[in-house]
Every structure is written in structure tokens, then in C-alpha cells.
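# Analysis of the macromolecular model
As a plain string of letters, each chain reads:
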Amino acid sequence: MPAADTVLTGARVRTLDPARPEAGAVALAGGLVVAVGHESDVRDWRGPGTRVIDLGGATLTPGLTDAHSHPVWGIEMSTGVDLTAVRDLDQLRATLRAAPRTGGWVLGWGLDHNAFGGRPVHRDLIEDSLGGAPAFLRLYDGHSALAGGPALAAAGITGPRTFAQRSEIVCDPDGAPTGHLIEHAAMALVGALAPTPPPAERRARLVELLSEMAATGLTGAHVMDLGDGDVPALLSTVEYEGHLPLRLRLAPWCMPGADEDTLAELIGLQGQRGRHWQVGGVKLFMDGSVEGGTAWLRHADCHGQGTEAFWPDPEAYSRAVRVLDAAGVRTATHAIGDAAVRHVLDTVAALGPRARMRHRIEHIETVPDDQLARFAEIGVIASMQPPHTAYTRADHTDEWSKRLGDERAGRAWRCRDLRDAGAVLALGSDWPIAHHDARQVLATALRPRGAASGGRALTGLMALEGMTSHAALAAGEEAVAGRIAPGLRADLTAFTVDPVTAGPDELAQAPVRLTVSGGRITHGEP
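Residues numbered from 1 in each chain as written. Predicted model: local features only at pLDDT ≥ 70, side-chain atom pairs only at ≥ 80, totals over all residues. Heavy atoms only, no water.

What follows concerns the nonpolar core. Within the largest apolar cluster, 92 residues are counted, with the highest numbers of intra-cluster contacts made by Leu248 and Phe375. For this core, the element with the highest residue contribution is helix H10 (residues 338–349), accounting for 6 residues. What Leu248 contacts, discounting residues up to four positions off in sequence, is Pro71, Leu210, Ala221, Val223, Leu235, His276, Trp277 and Gln278. Within the second largest apolar cluster, 20 residues are counted, among which are Val86, Leu92, Ile126 and Leu139. (Core = buried A, V, L, I, M, F, W, Y, C linked by side-chain atoms within 4.5 Å. Buried < 20%, exposed > 50% of the residue type's maximum accessible area, 1.4 Å probe, protein only. Helix = DSSP H or I, 4+ residues; strand = E, 2+ residues; numbered from the N terminus. Contact = heavy atoms within 4.5 Å.)

What follows is the structure in C-alpha cells.
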């Protein structure tokens, strides 16, 4: 018997393996779990070079996976001043006046729609605070931005435009741009001009970010983008220079207008990999965001918007999914509104039984009763981000709730209802839309906030499964990850509390004793 690289003892091990739900010790070798049991069961795995770590009563679980995150693209998205704490216009203006200039620009990110106090998003509200500098401020949802006058001029934006995907340059009644840019194609006109971090800084920030994520217990992330195409080279360089603290599974985007060549290129990217990353799956969009008026709803929102899909021809989306599915490619579709969710479910249902558990829907912010059971019936995975609920309010006075109206806001983020209906439910943060702290994801799942606070919460076990065994199912990796059992990947998280029984406040602040990704310690014991 070869010796183990690492033996972990003195723990309460929640394996999530039905064959052996609990244990007290685990042995690791070659990036895999090789033994699980009592300390006597792993004693023979010790050798002269084996590192033995006593976890001192910590609870050891399968490694946490953020099932929806943007750690690479997010570095660009989070360039500039952090606006996540801004609550009103006075605070926004003061923050912008003091903001550092990046290449002469004022850049910001994470701006809450509620900070505008119900007023339309307009550059006139901030222009006096910029000192004439071009400005590009990303709103928290990642689907809209506010650009100042000089930035609009630099991009040659003087009025409305037509896009191949659902996007808008918002203009006033006279046709003048307000600076509010909705959806990716419109934002890109200005975003492409804004300064971005140089390569060396980008690499350093990525490693720092992933290390911070590991410190919250994360061992991996499902990355819902492939950036601008240079991400594989970036990740390869990081691995040439050292190690990725998290295992990354990346899904490149498929946007409206994708033709046969584009789909073939996406199919060809599948399986491209490094030591701790790989391309797996494709990300699509069926709609945008509620606050931006681009969530696809069966009935218009309270502003008379939201009745159109992100793909101008929804059937073109369905054709793209059919091509990808036929090639064995898993898909993840952003669908927030009830019409968007329904269309994705209909699309997957038409693929037949062979498509079960190969396709997922991201976000699902409002869904009616008659669609809940379809997730399990069709075999579509639900991927949701509990921290998003913090942008809403229990009394429905926030922009998200006001847009939807009380009835639809009353069915916000129905995580527990989907689980009770038999759905596989993967949980994530959607960083940088919300903070990446995995403990906050779990804690908010235990106690939903804002508009979702009136609904039922997940149990501690359900929440843990959402970032472990169900996340593995969402990636098609249930045979190699998501549980602690011999032969599976050595991805492990040790909490100083038991995440299954701890209350949300205790769990949110609990130190992580140890994080192990691929058998390598990424946080904790040196």
C-alpha cells in the first residue's frame, strides 16, 4: 500500500456519501481521496512523508463549489471604485468626487439601482461630480451601466442604435442619450474604451481573488464566461508560474446571431484544459435583468417592459441548444423572468429523455407554481444565487420588486420550493454581482433576505448539498466530486462549526479551518 500524501484526523466528516455518511478521518494521495473511516482505518496509509493534520473537532465536508461565478471577467468588471456600499445619490456623488482616476477615467462597479431613489438612471445626476472626466459605472446587475457625457462622446454615441441582441442606448424624448446603457452590446460600446488592468496586474489580482475565495471554503467554481478569449492563455500562464487556488470550469458564451461556424467553434473549445481548469459547457442568455426592464416576462412589468426575449428570435436560441446538445455539450442559460424560464424548460423538454441532467437554468428569480415541478420532470438543473436577495426589500419598495409588482415579487428566489419539487439545486454567488464568500451563500440560503424573506428557507443540509453534491451534478461530475469517498477528488472544506446545524449568523462568520483543492492545501494549515 503506497503512503498517503496527507491524512486528516480529529474531524467530524460529513461525507454526503450514502454508503458512509459520517467518518472521523480521511487519507489523500495523488489528488484523490484514498481512504475514509475511523482513525484506525487510515493508520496504515501513514508513511515517513505523510503530512498528518489534526482538525481539532472541525467539521469536514466535500469541497465547496461556487456554481455561478465570474472570477476572471470579474476582475475587469470590478475595476475602479467599489460602489456596493452606496445607498443614495448624495453618497454616490461624494464617492465619485473622491474616486481615483484610472487612465484619466472614473470607473466604478456594483452600483445598486436603489441608490437612485426611484429616479431614472441619468448622467445628469453625476456629471457635476466627475470634473469633466469620462466615467463608466457598472450597475450591480452586470447588465447595465451609466456613462458620462465625455465617455459617450468618445464612443461616438449620439442617439439610439439597433443591436443583434436585446440591448438599448436609453435616450430622452429628444433622442439624446441619457448615459444609461442596457445589456452587453450597448455597454460594450463604452466599456471597450475604458482602461483595463495590464496582464501582470490581471494575473496577480486573479490569484489574490482565488486565494480569498479559498479562505471562505471554496475549492472550485463554475465560471460562466470565457472572457474575451484570452482566458485559457491567462490561466495557463498562472499555472506555469504556480498554482490556481480553485478548480475552474469555464463556459464560453453563445450569443444571438450564432451561426453554424460559431457553434462549431464553441463545440471545439470543449475539453480544453490545464492542470486545474477546463472548458466545459456553454452559457446562453434568454433574458437580462428585472431592474433593467429586460427580464422576459409573460406579462409586462410595471413600466410596460419585459415582454421580449434576449434572443430576438427565441426559436434561434432553441436551435442553438439542439446543436450543442447533439454534440454532447452541456448548457447553462441565464433566465430570470417567468417567460424566459418557461421557454428554456420547453426547449429542453423537446430534446427528450437523453437531455436529462445536461442542461441548467441560471438565476430563476421569479417562477410560478406551474413551472416548479417541471425542473425535476424534465431533468433541468436549477442554479441560484441566494445573496442576490440582499438587493431587494421585504416591503417591496426596492426597484426589483416595484418593477415586478407584488404578486411576482412574492415568488422571489424559490430555492426551497424547487428542492421540495425534486429539483437539483446548485448554489453560487455570481461574483462580482454579489460577494464571493461561500459562507454568505450558505447563510443566506438558510435565511433569505428582502423580497425572498417571506418564503421558506433551505435546511442546512440542503444548502451544503447545493455547493457540493448538487453542484457536482450540475457539472456532470457526480462520479468524481461532490462527496467524500475513495477514488473521488480530494476537494475538501473544514469548518470550525457544523454547517448543517449552525445558524445563519454563526455560519456566516465561522472561520474556515482548512481548504483542500485537488489534494493541495489552499487555505489553512501550511
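Having seen the structure, we can now continue with the description.
Summed over the entire model, instances satisfying the criterion amount to 36 salt bridges. A salt bridge links Arg12 to Glu22, with the nearest nitrogen and oxygen atoms 2.8 Å apart. Taken as a pair, Arg12 in strand E2 (residues 12–14) and Glu22 in strand E3 (residues 22–23) lie far apart in primary sequence, 10 residues in all. Among the charged side chains, a salt-bridge network with shared partners connects Asp369, Arg414, Arg416, Asp417, Asp420 and Arg456. (Salt bridge = Lys/Arg side-chain N within 4 Å of Asp/Glu carboxyl O.)

Because each turn of an α-helix spans 3.6 residues, side chains separated by three or four positions end up pointing in the same direction. Two or three places before Asp261, at the opening of helix H8 (residues 260–269), Asp259 has a side-chain oxygen 3.2 Å from that residue's backbone nitrogen. Directly beyond the C-terminal end of H8, a positive phi value near 90 degrees is found at Gly271. (Polar contact = N/O pair within 3.5 Å; in protein donor to acceptor, adjacent residues only side chain to side chain.)

Extensive coverage of strand E20 (residues 331–335) is indicated by the burial of 5 of its 5 residues. Because side chains alternate across E20, one face comprises the buried residues Thr331, Thr333 and Ala335, and the other comprises Ala332 and His334, equally buried. Pairing of strand E19 (residues 282–285) with E20, which is carried by 4 bridges, proceeds in the parallel orientation. In the strand pairing of E20, Leu284 is matched with Thr333. The β-α-β motif built from E19, the intervening helix H9 (residues 314–326) and the parallel element E20 has right-handed crossover chirality. (Pairing = 2+ DSSP bridges. Right-handed = clockwise from strand over helix to strand, strands pointing away.)

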